[in-house]
Amino acid sequence: METTRRVVLAGGSGFLGRSLAQVLEARGYEVIILTRSPAPGSAREVAWDGRTLGDWCARLEGAVAVVNLTGRSVDCRYTLENRREILSSRLDSVRVLGEAIRRCATPPSVSVQAASLAIYGNSGEAVRDESSPPGEGFSVDVCRQWEQAFAEQRSPGTRQVLLRIGFALGRDGGALGSLARLARWGLGGTVGSGQQYVSWLHLDDLNALFLRAIEHPSMHGVYNATGPSPVTNAEFMRTLRHVLRRPWSPPAPAWAVRVGARLLGTEAELALSGRRGLPQRLMAEGFQFRHTDLSEALEDLLGTRHAPAAAKSASA
Ligand SMILES: NC(=O)c1ccc[n+]([C@@H]2O[C@H](COP(=O)([O-])OP(=O)(O)OC[C@H]3O[C@@H](n4cnc5c(N)ncnc54)[C@H](OP(=O)(O)O)[C@@H]3O)[C@@H](O)[C@H]2O)c1
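Residues numbered from 1 in each chain as written. Predicted model: local features only at pLDDT ≥ 70, side-chain atom pairs only at ≥ 80, totals over all residues.

It is worth spelling out the environment of Leu203 at this point. Residue placement: Leu203 occurs in helix H5 (residues 203-215). Its 23 C-beta neighbours within 10 Å are what place Leu203 among the buried residues. Between the C-alpha atom of Leu203 and that of Leu272, which follows or precedes it by 69 residues, the distance is 23 Å. Setting aside residues up to four positions removed in sequence, Leu203 forms contacts with Ser19, Ala168, Leu169 and Gly170. (Helix = DSSP H or I, 4+ residues; strand = E, 2+ residues; numbered from the N terminus. Buried ≥ 20, exposed ≤ 12 C-beta atoms within 10 Å, placed from the backbone. Contact = placed C-beta atoms within 7 Å.)

Below you can see the structure in the form of structure tokens.
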């Protein structure tokens, strides 16, 4: 098969994949999305089950890159069944992609794996870079096994890059939309102690990082894929309220977050725990983040620069 500028996005139908696909296509790549539910007749979306080899493997032949974004969302109750799926969807997809790559006559030049900054656990004020130890708990165990499984998928000729992604802030999906909605309803107060860190990055920067991982042969191994300016939850929520022109909201004590999380079908840990990640290796390699100021990033994403004019004319 002739070598094309093809990039295969496994699990590319989700929040990160949809955005990355647009960026890659704008740059002239052919994008193939591996999904359990391809749109009928779509040439771009190809069926797989995330677990077993199949016809989809042919799309990896001669590809520039495969990027694995597969994983059952962690935004759910951690029932036994959900825990199993959170883990197995990640391990199975990593393993089957590794197997598919090893079977290629012309394997992809690079395999990029999404992972999570949650590997550092709930680690308070301590700065976490790539040399820091993992934390403790269910999410950490998932991250460790996920990374281990990827490290085991060696294939000569395929460079491996693993990105420990922070809280990706984007327009269309992800957790920012839900947070902004709560804040607009007056529920954008400090969460718990407010001292837990939020390690955030703008989706534009994350896409630039994926591109860099694909295009720079010097990138290799594990990277913290998060911005250089993590903030406490108290500061994050204060900035969000400011950007949304909501000057004050009552704080949400930990017990209320636990009750609320139950009602919303999610885990309080996601909001009450945090980590202060830094992109040490990226900074050392000279990667320039476009969005380093939270207020600017949120203004850019939530579009409120234009909102006051609209609100004025509506109230006039
Ligand atoms: N968003 C963030 O801020 C963030 C932060 C850190 C890490 N990450 C990691 O980055 C990856 C992509 O994140 P995202 O926000 O784009 O997630 P997402 O929107 O939930 O998309 C993940 C994709 O995985 C596939 N999937 C879900 N459950 C599956 C299962 N049981 N078996 C096989 N495939 C399954 C789905 O594709 P189909 O339904 O089409 O098959 C889905 O579109 C995930 O692994 C996530 O843990 C994200």
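Right, picking up where we left off after that structure.
Quick look at the site of the ligand now. In the vicinity of the ligand lie 23 residues, with Gly14, Thr35, Gly50, Gly71 and Ala168 positioned nearest. For the shell around the ligand, the secondary structure elements donating two or more residues are helix H1 (15-26), helix H2 (80-102), strand S5 (110-116) and strand S8 (167-169). Broken down by element, the shell around the ligand gets its largest block of residues, three residues, from H1. The class makeup of the residues in the shell around the ligand is seven nonpolar, 13 polar and three charged. (Near = placed C-beta within 6 Å. Nonpolar A, V, L, I, M, F, W, Y, C, P; charged D, E, K, R; others polar.)

On to the confidence of the model for the protein chain, then. Per-residue confidence for the protein chain averages 93 on the pLDDT scale, and 95% of its residues sit at or above 70. Ignoring residues within four places in sequence, the model shows residues 306-316, a span with pLDDT below 50, making zero contacts including any to other chains. (pLDDT = per-residue confidence, 0-100.)

Moving on: the sheet that holds strand S2 (residues 30-35). In space, the seven strands of this open sheet follow the order S3-S2-S1-S4-S5-S7-S11, with parallel pairing throughout. Because the sheet does not close on itself, it has two edges, and the strands there are strand S3 (45-47) and strand S11 (221-225). Sheet twist, expressed as the mean angle between neighbouring strand axes with direction ignored, is 20°. Two strands pair when backbone bridges link them, and strand S1 (residues 6-10) and S2 are joined in this way by five bridges, in the parallel orientation. Counterpart to Val8 in the pairing with S2 is Ile32. Against the sheet, H1 engages S1, S2, strand S4 (65-68) and S5, with an angle of about 160° to S2. (Pairing = 2+ DSSP bridges. Axes fitted to C-alpha atoms, helices over the stretch in contact; angles between N-to-C directions.)

Time to look at the packing of H1 against H5. Following both chains from N to C, one finds H1 and H5 inclined at 60°, their axes separated by 10 Å at the closest point. Classified by the angle between their axes, H1 and H5 sit oblique to one another. Note that H1 runs across H5; the crossing there is right-handed. Together, Ser19, Leu20 and Val23 of H1 and Leu203, Asn207, Phe210 and Leu211 of H5 make up the contact between the two elements. Of the residues belonging to the contact of H1 with H5, the class tally is five nonpolar, two polar and no charged. (Parallel < 35°, antiparallel > 145°, perpendicular 65-115°, else oblique. Left-handed = near helix turned anticlockwise from the far one by under 90°.)

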